[in-house]
Amino acid sequence: MNKTNLKSNVKRGRTCVYNCNYHIVFSTKYRRKVLTPKVEEYLKKVIIKTGIEKGFDVAMVEVREQDHVHIFVSAHPKIAPSYIVKMIKGISARKLFLKFPELKKKLWKGHLWNPSYYIETIGSISEEVIRKYIENQKRK
């Protein structure tokens, strides 16, 4: 493999060269529309910081219809996609409930997120298509 064939989005680890990207979508419990602009702004910061702390790169985060989140993540192959989702959902729920205690009134039983999620792997060919799709999720 020579350097001219490598794409700019390919990353290098100690023992591997990789391009592992994921499109992750999950919703609030009961699809409650609780992700107001103020909550959304804080949520985006929390998700990006979680990625930094846990070793994966959060390239994009968009909230749609105040009830679900689209995230574009890149990670080393040693980091399981399920771990990424678990960290994002768990840490963000805890921090959002602390910062916005009024959320608990709208979401009983202490759950912010629906337990399920959607995830797909993104290859380099479709990466730009997914980026544009997530970008278009911004409120107009």
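Residues numbered from 1 in each chain as written. Predicted model: local features only at pLDDT ≥ 70, side-chain atom pairs only at ≥ 80, totals over all residues. Heavy atoms only, no water.

A. Representation of the packing of aromatic side chains. Scanning the entire structure with this criterion turns up 2 aromatic pairs. Between F26 and W113, the aromatic rings sit 4.7 Å apart at their centres with planes inclined by 85°, giving edge-to-face as the arrangement. With F26 in strand β3 (residues 21-27) and W113 in the loop between α3 (103-106) and β6 (118-122), this pair connects stretches of sequence that are 87 residues apart. Overall, the relative accessible area of 2% leaves F26 in the buried class. Residues Y42 and F100 carry aromatic rings whose centres are separated by 5.9 Å and whose planes lie at 70° to one another, so their mutual orientation is edge-to-face. Taken together, the positions of Y42 in helix α1 (residues 37-54) and F100 in the loop between α2 (81-99) and α3 put the pair 58 residues apart, joining distant regions of the chain. You can call Y42 partly exposed: its relative accessible area is 23%. Lying over the aromatic face of Y30, K29 brings its terminal NZ or CZ to 5.6 Å of the ring centre. Positioned over the ring face of F97 is K104, at 5.5 Å from the centre of the ring. (Phe/Tyr/Trp six-rings, centres within 6.5 Å; stacked < 30°, edge-to-face > 60°. Helix = DSSP H or I, 4+ residues; strand = E, 2+ residues; numbered from the N terminus. Buried < 20%, exposed > 50% of the residue type's maximum accessible area, 1.4 Å probe, protein only. Lys NZ or Arg CZ within 6 Å of the ring centre and 35° of its normal.)

Scope: geometric values only; no functional claims are made or implied.
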